[in-house]
Amino acid sequence: MRRNRPRVGQKQWHPELIKAAVRMRGENLSSLARSSGLQEDACRDALRTRRPEAEAVIAKYIGVPVHELWPDRYPEGERSTNVDNATPEVAHRQIVAVR
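A brief report on the enclosed structure follows. This structure is a prediction, so every number in the text was calculated from the model and none was measured.

1. So, the nonpolar core
Phase 1: With 22 residues, the main nonpolar core has Val-22, Leu-32, Cys-43, Ile-58, Ile-62, Leu-69 and Trp-70 as its most contacted residues.
Phase 2: Listing elements by their share of this core, those giving two or more residues are helix H1 (15–24), helix H2 (29–35), helix H3 (42–46), helix H4 (52–62) and helix H5 (66–69).
Phase 3: Take this core: its biggest share by element is six residues, from H4.

2. Topic: the packing of H1 against H4
Phase 1: Taken N-terminus to C-terminus, the directions of H1 and H4 make an angle of 55 degrees; their axes are 9 Å apart at the nearest point. Looking at the two axes, H1 sits oblique to H4. Seen along the crossing, H1 lies across H4 with a hand that is left-handed. On the side of H1, the interface is formed by Ile-18, Ala-21 and Val-22, while H4 contributes Ile-58, Tyr-61 and Ile-62.
Phase 2: Partitioning the contact of H1 with H4 into residue classes produces six nonpolar, no polar and no charged.

3. Remarks on the environment of Ala-21
Phase 1: Here Ala-21 is to be found in helix H1.
Phase 2: Assessed through its relative accessible area of 17%, Ala-21 is described here as buried.
Phase 3: Spatially, the C-alpha atom of Ala-21 lies 6.4 Å from that of Ile-62, the residues being 41 residues apart in sequence.
Phase 4: Beyond its immediate chain neighbours, meaning those up to four positions away, Ala-21 contacts Trp-13 and Ile-62.

4. Some thoughts on H1
Phase 1: Here H1 has its buried residues at Ile-18, Ala-21 and Val-22. Down the axis of H1, the buried set is contained in an arc of 100 degrees. They therefore lie on one face. Turned more than 90 degrees away from the buried face of H1 sit Leu-17 and Met-24, all of them exposed.
Phase 2: Buried residues along H1 sit in contact with H2, H4 and H5.

5. Brief notes about the packing of aromatic side chains
Phase 1: For the coordinates displayed, the defined rule picks out zero aromatic pairs.
Phase 2: Positioned above the aromatic ring of Tyr-74 is the side chain of Arg-50, whose terminal nitrogen or guanidinium carbon lies 4.3 Å from the ring centre.

Basis of the calculations
- Positions within a chain are numbered from 1, following the residues in the order the chain's sequence is written.
- Confidence filtering applies because this is a predicted model: local features only for residues at pLDDT of at least 70, side-chain atom pairs given and counted only at 80 or more, and all residues used for totals across whole chains, interfaces and linings.
- As a rule here, side-chain values cover all heavy atoms of the structure and leave hydrogens and water aside.
- In this description, a nonpolar core means a group of buried Ala, Val, Leu, Ile, Met, Phe, Trp, Tyr and Cys residues linked to one another through side-chain atoms lying within 4.5 Å.
- Only protein chains enter the calculation, and the probe is 1.4 Å; a residue is then buried if its accessible area is under 20% of its type maximum, exposed if over 50%, and partly exposed in between.
- Runs of E in the DSSP output that reach at least two residues are strands. Runs of H or I that reach at least four are helices, and both are numbered from the N terminus.
- Axis lines are fitted through C-alpha atoms, for helices just across the contact stretch, and the angle between N-to-C directions can take any value from 0 to 180 degrees.
- Each angle gets one of four labels, with under 35 degrees taken as roughly parallel, over 145 as roughly antiparallel, 65 to 115 as roughly perpendicular, and the rest as oblique.
- Left-handed describes a crossing whose near helix is turned anticlockwise from the far helix by less than a right angle; the clockwise case is right-handed.
- Only heavy atoms enter the contact rule, under which two residues are in contact if any of them lie within 4.5 Å.
- Any residue outside Ala, Val, Leu, Ile, Met, Phe, Trp, Tyr, Cys, Pro, Asp, Glu, Lys and Arg is labelled polar, Gly included; the first ten of those are nonpolar and the last four are charged.
- This arc is taken over the directions from the axis of the helix to the C-beta atoms.
- Only the six-membered ring of Trp is used, alongside the rings of Phe and Tyr, when aromatic pairs are assigned; centres must lie within 6.5 Å, and planes under 30 degrees apart are stacked while those over 60 apart are edge-to-face, with the rest tilted.
- Throughout this description, the term charge over a ring refers to an Arg CZ or Lys NZ atom that lies within 6 Å of the ring centre and within 35 degrees of the ring normal.

Now the structure itself:
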């Protein structure tokens, strides 16, 4: 059984939909990363590999829980790590990023 596959009924958001959701709110992935204090490519990288801080920033910005964007990265049993509620430093950067 492949661990990085979404469960039946749980579909991962397509990367283009995530990018479009960010753009529809007035940012792009690079500017969102910069305004959140992350490396410029962090949010772009999060579309194809696990980057918890960048994933949290994207999820908060578009208003979708991180486990709904990437259910294969956050299976039911691992959601207790509270990735939707980032550390205080990341949360501060998210608030600043959303303006």
